[in-house]
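For reference, the chains in residue letters:
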Amino acid sequence: MFVVALRFSANKARAAALMPAHNDWIRRGFDDGVFLLTGSLKSGGGGMVLAHKLSREELDARLREDPFVAEDVVSADVLEIAAGRADDRLAFLLN
């Protein structure tokens, strides 16, 4: 499982123009069953993605397809989590 922090770069001003394509990218992640959660950082500094069911290489390739990443609107900081214990409601993440 991966937590991805998408932090705005100096090109943040381009975000509005790329938002429809970025939202399409997010929709594809959910449609593919890879994204579990996405959202904006309350600080206004970017966003987060919780992803699973893919390798780090597959995630990196998917991130390169995000228009925000491709156009340097955000940088992606990826944390990989080896889940060892979960609430029963999240037990599916242990597989």
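Residues numbered from 1 in each chain as written. Predicted model: local features only at pLDDT ≥ 70, side-chain atom pairs only at ≥ 80, totals over all residues. Heavy atoms only, no water.

Participant: Any chance you could explain helix H1 (residues 15–31) here in plain terms?
Facilitator: Each full turn of the α-helix corresponds to 3.6 residues, which orients residues three or four apart in the same direction. For H1, built from 17 residues, the straight-helix expectation of 24 Å at 1.5 Å per residue is met to within 8% by its first-to-last C-alpha distance of 23 Å. Of all the bends in H1, the largest measures some 35° and sits at Ala21. Listed as buried for H1 are Ala15, Leu18, His22, Trp25, Ile26 and Gly29. Along its buried surface, H1 packs onto strand S1 (2–8), strand S2 (35–40), helix H2 (56–65) and helix H3 (67–70). Backbone geometry just downstream of H1 places Gly33 in the positive-phi region, at approximately 75°. (Helix = DSSP H or I, 4+ residues; strand = E, 2+ residues; numbered from the N terminus. Expected span 1.5 Å × (residues − 1). Bend = angle between axes of the 7 residues up to and from the residue. Buried < 20%, exposed > 50% of the residue type's maximum accessible area, 1.4 Å probe, protein only. Contact = heavy atoms within 4.5 Å.)

Participant: Quick question: what am I supposed to make of the sheet that holds strand S4 (residues 74–80) here?
Facilitator: One key point about sheets: their strands pair by backbone hydrogen bonds, in either a parallel or an antiparallel sense. The strand order S2-S3-S1-S4 describes an open sheet built from 4 strands, whose pairing is antiparallel. The open sheet terminates on both sides in strands that have one partner only, identified here as S2 and S4. Each strand axis lies, on average, 15° off the axis of its neighbour in the sheet, ignoring direction. As paired elements, S2 and strand S3 (residues 46–51) share 5 bridges and run antiparallel to each other. Across the sheet, the residue bridging to Gly39 is Met48, located in S3. Against the sheet, H1 makes contact with S1 and S2, and its axis sits at roughly 160° relative to S2, the strand it touches most. (Pairing = 2+ DSSP bridges. Axes fitted to C-alpha atoms, helices over the stretch in contact; angles between N-to-C directions.)

Scope: geometric values only; no functional claims are made or implied.
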